[in-house]
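Coordinate inspection notes
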Amino acid sequence: MFEFGMNCVLRALLLAIVTTIPITAQEVGCFDPVTSPFDKNDWSYCQKIPSDDYNIFLYYTPLEDTVLLGFHALDNTEGWTALGINGNGGMKGATFVIVREEGGEWIAEDRHAMDYVMPTLDDQQDVRLLFAKQENGQTAWGVAIPQNSCDSEGNDYEIQDRTITMLWAVGTSHAFETHTARGQFQVNLMQAPKELPSTDELPYFEILMPNVTVKMGEGGTDPTNPYICSYYDLAEIGPLSGFAPEETIHVTRLSAVLSPATKANVHHMILYACSSDDFSYEGEKHLTVIPECVSMPGDCREMKWPWAVGGRDSVFPENVGLPIGGAMHRFLVLQVHYYNPTLKEGMKDSSGVRVYFTTDLLEQEAGVMEFVGGVNSFQQLPLPAGKKSVSITFSTPSECTKNVWDRPLNILGVLHHMHRYGTYMEISVVRDGVNLGNLRPESHYDFKHQSMDEPVPAIRQLLPGDQITQTCVYDTTNAPGDFVEFGDTTQQEMCYTPIYYYPRQAYADSFGAMIPWLNSSWCAEPATSEDFQSSNLSLCAQTMYENVPLFYHFDTEVESAFDLLTACNGGDTFQALFDEMPDLCPPCQVAANCTHKEVAFHAQDLCATLCDEVTGLSLYPDVNRTKPYEYGNWGCSPSYYYEPNAPEASVCRAKGNSSIDAIEVNDIVLPKIPKDTPAEVSLENSANTQAVVVAACTFGVGTALFLSIM
């Protein structure tokens, strides 16, 4: 339970408004003088909850440390009703306020759900019922909840000044059973509702898959997870949309477009910009389809728009635009990952994205930052199967962000992306030795609901010198086999976070984990061959000398084994290799007259540098440094390092309590509203009476009673 102290204590709410104006349910709105049992003097804000079948309104009042929530359904409610808060829009990890009647008394329950199952009662109840009434198909109630309950089991979300996803649900009886209808909506419970800017006058174009067949292409490995791409030429799109072929435009909003027949099969979409129009592949042109593209083609790797199941529109601030186009960015590629577990045949898809834009370049440019803890086997080792909880972490140290960022970065949205075994993700930020906490709260990851959400108010900016740690947690209990690999398919796993931000940092907004490619045991151990042992050389030097492709992880299906001496004396045969690796051989390579000893000692010298940079170890016979590096990060220089220290986050501090006196239910009268046809609304023994409002408020000392009869 929580205690409550606030400046204004609501004692009674007059909810009866009488008039003779003919209305319909479809015409009513917030604080409607005929239908609403909520008064503007007592409730700060109201917004309509979107639903095709229900007329429901949310009322809310943010106080110093508490929030009042009000629910009003005009029709179709005869049982329990609920509001919920979640970090992604689904039931997993959601906290609910359930209001229902039990034993002739109205009750409000604090519940939570960790899956798509019946929400269970919290051990710590953090909701206070103010009033409740249900009659004539209408339901109205109000509750008080703390802004931060510090729930003992972590079931509740802190209410902060940020847009969140809320849930609503209704049941047919007061026995708490399966809902008959539910939905989701967005709201900031600390501010007045904000409508998205109108798109009526905005120019746009659409990037849509050209009616592709949802089927794995040649070279694919999993028919249930086809990845299909298509090229889009801005030289073709621009003249039809109002901009020149090589003109840079600023995108102001991005909206997913889903084909009705296949929307359940679209797992995620990513729009990439290509770095030039000089492709190394043949046949790239507008609407060219790549039937299999788990890996992106060529230079098309600059992410512009990530979307996954449950995602919403990406809308940029008025002075911020996402740059697309220009002389060196003429082509775009849309990658769509489909999930077709039943291998249904004959599906055609034209999903994609609607791109709203302006040709008047805005003050700031946005970018997409990536923290990539693991998306393939080169970044992370496989997860063990059969584990209830197994986690990975990926840290970007403060020295790295201090070197690569030149100014504070404003965070617009954060998306968490894992696959079906993922249960939890966080991006924690450490600044000046203090752990500021999680960039975006989500108590339980939901594969079916992935959204780009606002950061917490305390971390609206990332600063040069911030240490950022990504943590991903998985439940592999039901995974087949012994391991779960990291990879692109739904049966594999990922740990990936794209972040919209501004101002854009060119070439300094992609950070990814790397497994050190050099075997650290080669650095620490002596050679095993007598030729190398006699010179006291390392196993690293021996391995490099004996098999260059094996040492450097060349594609062994393309490159057959060859030793370093052969390469150094091979002349033009190995010129392409020397162009890529000019220091691979000693100077004798020019005359192609190297000796075994020269090449062996040169390999030892190369290994000394590589072992220092990649593993952190000194090279045998030097044993001064024996602890290998734990992290690799492609966005940092140096790229390999020890795990940074991460102080614990601050202890949760409760904010809010519940000592509001309940409003007398007898003071509430719900007007009868016809569902579809106009009718006069009246109350028994009342005529042309507009309102009676009674409220008692305490301001420090003394109490004022307001009574208004009109």
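The notes below deal with the structure included here. Since the model is a prediction, treat every value here as computed from it, not as a measurement.

Definitions and limits used
Residue numbering note: each chain is counted from 1, following its sequence as written. Whole-chain, interface and lining totals are the exception, using all residues; otherwise, since this is a predicted model, local features are given only for residues with pLDDT of at least 70 and side-chain atom pairs are given and counted only at 80 or more. No hydrogens and no water enter the side-chain calculation; it runs on all heavy atoms of the structure. Numbering of helices and strands starts at the N terminus; helices are DSSP runs of H or I of at least 4 residues and strands are runs of E of at least 2. Throughout, exposure labels follow a simple rule: accessible area from a 1.4 Å probe, protein chains only, divided by the maximum for the residue type, with under 20% read as buried, over 50% as exposed, and the rest as partly exposed. Throughout this description, the term nonpolar core refers to a set of buried Ala, Val, Leu, Ile, Met, Phe, Trp, Tyr and Cys residues connected via side-chain atoms within 4.5 Å. In what follows, a contact means two residues having at least one pair of non-hydrogen atoms within 4.5 Å. Our working definition of a disulfide is a cysteine sulfur pair at a distance within 2.5 Å. Any two strands are treated as partners once DSSP identifies two or more bridges connecting them. Lines are fitted to the C-alpha atoms to define the axes, a helix being fitted only along its stretch in contact, and any angle between axes, read from their N-to-C directions, falls within 0 to 180 degrees. Working definition: roughly parallel below 35 degrees, roughly antiparallel above 145 degrees, roughly perpendicular at 65 to 115 degrees, and oblique for all remaining angles. Each crossing gets its handedness from the near helix: less than a right angle anticlockwise from the far helix is left-handed, clockwise is right-handed. Here the nonpolar group is Ala, Val, Leu, Ile, Met, Phe, Trp, Tyr, Cys and Pro; Asp, Glu, Lys and Arg are the charged ones; every other residue, Gly included, is treated as polar. We call two N or O atoms a polar contact when they sit within 3.5 Å, provided that within protein one can donate a hydrogen and the other can accept it, with sequence-adjacent residues counted only if both atoms are side-chain atoms. Pairing of aromatic rings covers Phe, Tyr and the six-membered ring of Trp, with a centre-to-centre limit of 6.5 Å; geometry is then stacked below 30 degrees between planes, edge-to-face above 60, and tilted otherwise. Any Lys NZ or Arg CZ that is within 6 Å of a ring centre and within 35 degrees of that ring's normal is treated as a charge sitting over the ring.

Mapped onto the elements, Val-117 comes out in the loop between β6 (105–113) and β7 (120–121). Given a relative accessible area of 48%, Val-117 falls into the partly exposed group. Val-117 sits 25 residues away from Lys-92 along the chain, and the two C-alpha atoms are 8.8 Å apart.

What follows deals with the nonpolar core. In this structure, Phe-205, Ile-207, Leu-254, Trp-305 and Leu-334 are the most contacted members of the largest nonpolar core, which totals 53 residues. Non-local contacts of Leu-334, meaning those with residues more than four positions away in its chain, are made with Ile-207, Met-209, Ile-228, Cys-229, Ser-230, Tyr-232, Met-269, Ile-270, Leu-271, Trp-305, Ser-351 and Gly-352. Leu-518, Cys-523, Phe-578 and Leu-606 belong to the second-largest nonpolar core, a separate cluster that totals 37 residues.

A few words now on the state of the cysteines. Taken as a whole and assessed by the stated rule, the structure comprises 10 disulfides. Put simply, Cys-523 and Cys-611 are joined by a disulfide, and their sulfur atoms are 2.0 Å apart. Disulfide Cys-523-Cys-611: the torsion about the S-S bond is -90°, which places it as left-handed. Of this pair, Cys-523 sits in helix α3 (residues 520–524) while Cys-611 sits in helix α9 (residues 596–615), and the two are 88 residues apart along the sequence. Here Cys-540 engages in a disulfide with Cys-607; their sulfurs sit 2.1 Å apart. Between Cys-540 and Cys-607, the S-S dihedral sits near -85°, and the bridge is therefore left-handed. Placement of Cys-540 in helix α5 (residues 539–546) and of Cys-607 in helix α9 is noted, with a sequence separation of 67 residues between them. For Cys-540, a relative accessible area of 0% translates into the label buried.

This paragraph deals with the sheet that holds strand β28 (residues 409–414). Pairing within the open sheet is mixed, and its 5 strands lie in the order β31-β28-β34-β25-β35. Either end of the sheet is taken by a strand with one partner, and the two such strands are β31 (461–462) and β35 (510–512).

Before going further, it helps to spend a moment on the packing of α5 against α9. Two elements in contact, α5 and α9, have axes separated by 8 Å at closest approach and are oriented at 120°. With respect to α9, the element α5 is oriented oblique. Like other packed secondary-structure pairs, α5 and α9 cross with a definite hand, here right-handed. Contacts between α5 and α9 involve Cys-540, Ala-541, Met-544 and Tyr-545 from the former and His-596, Val-599, Ala-600, Ala-603, Gln-604, Leu-606, Cys-607, Leu-610 and Cys-611 from the latter. Considered class by class, the residues forming the contact of α5 with α9 number 11 nonpolar, 2 polar and no charged.

Moving on, we come to the environment of Thr-396. Its location among the elements puts Thr-396 in strand β27 (residues 390–396). Its relative accessible area of 0% is what places Thr-396 among the buried residues. Separated by 72 residues in sequence, Thr-396 and Ile-468 have C-alpha atoms that sit 5.2 Å apart. Thr-396 has contacts with Phe-371, Thr-401, Asp-466, Gln-467, Ile-468, Phe-511, Asn-633, Cys-636 and Tyr-641, leaving out every residue within four places of it along the chain. One polar contact links Thr-396 to Asn-633, side chain to side chain, over a distance of 3.0 Å.

Take the packing of aromatic side chains next. Under the criterion given, the structure shown has 26 aromatic pairs. Between the aromatic rings of Phe-38 and Tyr-59, the centroid separation amounts to 4.2 Å while the plane-to-plane angle is 10°, which identifies the pairing as stacked. Separated by 21 residues along the polypeptide, Phe-38 in the segment before β1 (45–49) and Tyr-59 in strand β2 (residues 56–62) bring together distant segments of the chain. The exposure class of Phe-38 is buried, given its relative accessible area of 4%. Relative accessible area serves as the criterion here: at 0%, Tyr-59 is assigned to the buried category. Here Phe-205 and Phe-357 contribute two aromatic rings whose centre-to-centre distance is 5.7 Å and whose plane-to-plane angle is 50°, an arrangement assigned as tilted. In this pair, Phe-205 is assigned in strand β12 (residues 204–208) and Phe-357 in strand β23 (residues 352–358), connecting sequence segments 152 residues apart. For the residue pair Phe-205 and Phe-357, the accessibility class agrees, reading buried in each case. The rings of Phe-31, Phe-38, Trp-43, Tyr-59 and Phe-131 are connected pair by pair, giving a single aromatic cluster. When the ring centre of Tyr-204 is taken as reference, the NZ or CZ atom of Arg-354 above it lies at 4.2 Å.

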